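# A closer look at the structure
Spelled out from the first residue to the last, the chains are:
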Amino acid sequence: MSLTTYSHLRPLTMGQIIDRAIRLCRYNLGRFVGLAALVQIPVGLVALLPTAALWYNNALGDIETDPERYFNVMFYGGLLTMVVALVSGIWAQVGAAAMTQMAVDSYLGQTTGIAAAFTKIGRSWVSLLGALLLGGLIVLGFVILFVIPCVNIIAGIPGAGMVIYGVLILLPLLVPVVVLERLSAGKALRRTWELARQRFWWLFGFFLLLALFSLVVVQGPLYLLLGITALASGLEVGGGALSIIQVVAATLLGVIYFPIQTICVMLVYLDLRIRHEGLDLALQAADGVLDEPAIVLRQSPPASERLLVGAEWGYFIAISVGLGLVFGAIIALFTLLMFPLMLGA
């Protein structure tokens, strides 16, 4: 590779990250959409199983008139739903790991096919699942603290901010950290936090923007399609049919959006390392010396001594209070709008 290969590696704004993600996906449309379809379509098909099973049982007759059958449907239906969620979640994370590998290779000037992307991630997906499980247990621990008297008053406000920040920012950012740096679950969680704390509020704003972008690209068209379907059928489409239409539409829209979202997260990861660790300079220095950029990507600085500093506690409290005020304002506005209607009734 020549030194100009990495000339595009520089700090990016929010808009530039989304723009580059869309451009990278467009230039490699076949490979990215092919991998996304390989991930999203099986997940969508598996997600149809609980709906199809419930629909089949309803076709046999009213289940509420048969208590034993009602119990079996509810019990095994719930069990099937949990198994479906587990299988879909695992495969989705494996796909996210492969998509991240393909995206970073394409961004750094390498061509990686679909099969090669799954091969190159090795067993890093196992560490990714372990990190997500550990992160979920931490979130569960905070939820338990929220319901303990006295403790919830002290831990509730900063704890809620930690949970929101962790789910919104840290869990998505875990994927490139694990896949590209090949860290174990515990080290990956700490490493992700070390990266995120360097641009705390910028990341919070960007991932909120990404969530809004998802709402416009995926949820907006999805709800529009469901509304048109209901109106076109004269509101005669049953709940089961609407559920199937929703799953199919969400799957197809996910095939388009999944690569863009994954590439955005990958670019955020690279941007953090370029700004604060000189990743661009390290790649240029290693060009011609090392055969794979992956070797440079796996080199990261040691973690800081303190897990949290005083200012960061304040950040989490600000998130909790700020979002609480926003939701409170929304509820108050909704109440004011509905109050005249309730009086009229």
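Residues numbered from 1 in each chain as written. Predicted model: local features only at pLDDT ≥ 70, side-chain atom pairs only at ≥ 80, totals over all residues. Heavy atoms only, no water.

It is worth spelling out helix α7 (residues 185–196) at this point. Over its 12 residues, α7 runs 17 Å from end to end, which matches the ideal 16 Å to within 8%, given 1.5 Å per residue. Counting buried positions along α7 yields nine of 12 residues, so the element is predominantly enclosed. Taken together, the buried positions of α7 are Ala185, Ala188, Leu189, Arg191, Thr192, Trp193, Glu194, Leu195 and Ala196. (Helix = DSSP H or I, 4+ residues; strand = E, 2+ residues; numbered from the N terminus. Expected span 1.5 Å × (residues − 1). Buried < 20%, exposed > 50% of the residue type's maximum accessible area, 1.4 Å probe, protein only.)

The subject of this paragraph is helix α1 (residues 14–27). Spanning 14 residues, α1 covers 20 Å between terminal C-alpha atoms, matching the ideal 20 Å at 1.5 Å per step. For α1, every residue scored as buried is listed here: Ile17, Ile18, Arg20, Ala21, Leu24 and Cys25. For α1, the angular spread of the buried residues around the axis is 165°, confining them to a single face. Of the exposed residues in α1, those oriented more than 90 degrees away from the buried face are Arg26 and Tyr27. (Arc of directions from axis to C-beta.)

Grouped together as the largest cluster of nonpolar side chains are 78 residues, with contacts concentrated most on Tyr165, Leu203, Phe206, Ile263, Met266 and Val268. The element best represented in this core is helix α9 (residues 239–277), accounting for 16 residues. (Core = buried A, V, L, I, M, F, W, Y, C linked by side-chain atoms within 4.5 Å.)

Another point: the side chain of Ser88. The topology assignment puts Ser88 in helix α3 (residues 67–107). On the basis of relative accessibility, which here comes to 11%, the residue Ser88 falls in the buried class. Not counting residues up to four positions away in its chain, the partners in contact with Ser88 are Val43 and Val46. (Contact = heavy atoms within 4.5 Å.)

What the rule picks out here adds up to 11 salt bridges. The closest approach of N and O atoms between Arg191 and Glu277, which form a salt bridge, is 2.7 Å. Separated by 86 residues along the polypeptide, Arg191 in helix α7 and Glu277 in helix α9 bring together distant segments of the chain. The class of Arg191 is buried, set by a relative accessible area of 7%. Linking Arg197 and Glu194 is a salt bridge whose minimum nitrogen-to-oxygen distance equals 3.1 Å. (Salt bridge = Lys/Arg side-chain N within 4 Å of Asp/Glu carboxyl O.)

Our next topic: the layout of surface pockets. The space that makes up the largest pocket amounts to roughly 830 Å³. As for the largest pocket, its lining consists of 30 residues, and the residues nearest its centre are Gln40, Gln93, Tyr257, Phe258 and Gln261. Broken down by element, the lining of the largest pocket gets its largest block of residues, 10 residues, from α9. Here the residues of the lining of the largest pocket sort into 19 nonpolar, 11 polar and no charged. Roughly 460 Å³ of volume is contained in the second largest pocket. Lining the second largest pocket are 18 residues, and of these Ile138, Phe142, Leu170, Leu189 and Trp193 lie nearest its centre. At the level of elements, α5 (124–146), α6 (151–181) and α7 are the ones that each hand at least two residues to the lining of the second largest pocket. When the residues that make up the lining of the second largest pocket are grouped by side-chain class, the tally is 14 nonpolar, three polar and one charged. (1 Å grid on protein atoms, 1.4 Å probe; cavity = no way out; pocket = protein on both sides within 12 Å on 5 of 7 lines; lining within 4 Å. Points joined across faces, edges and corners; volume = space filled by probe spheres on them. Nonpolar A, V, L, I, M, F, W, Y, C, P; charged D, E, K, R; others polar.)

This part takes up the environment of Phe316. Mapped onto the secondary structure, Phe316 falls in helix α12 (residues 310–344). For Phe316, a relative accessible area of 4% corresponds to the buried category. Taking the C-alpha atoms as reference points, Phe316 and Gly159, separated by 157 residues in sequence, lie 7.4 Å from one another. Ignoring sequence-local partners within four residues, the contact set of Phe316 consists of Ile157, Pro158, Gly161, Met162, Tyr165, Trp193, Phe200 and Leu308.

A separate point is the packing of α5 against α7. Closest axis-to-axis distance for the α5/α7 pair is 8 Å, and the angle between their directions is 70°. The orientation of α5 relative to α7 falls into the category roughly perpendicular. For α5 against α7, the interelement crossing comes out right-handed. Across the interface between the two elements, Ser127, Gly130, Ala131, Leu134, Gly135 and Ile138 of α5 pack against Ala185, Gly186 and Leu189 of α7. (Axes fitted to C-alpha atoms, helices over the stretch in contact; angles between N-to-C directions. Parallel < 35°, antiparallel > 145°, perpendicular 65-115°, else oblique. Left-handed = near helix turned anticlockwise from the far one by under 90°.)

In short, geometric facts, not functional conclusions.
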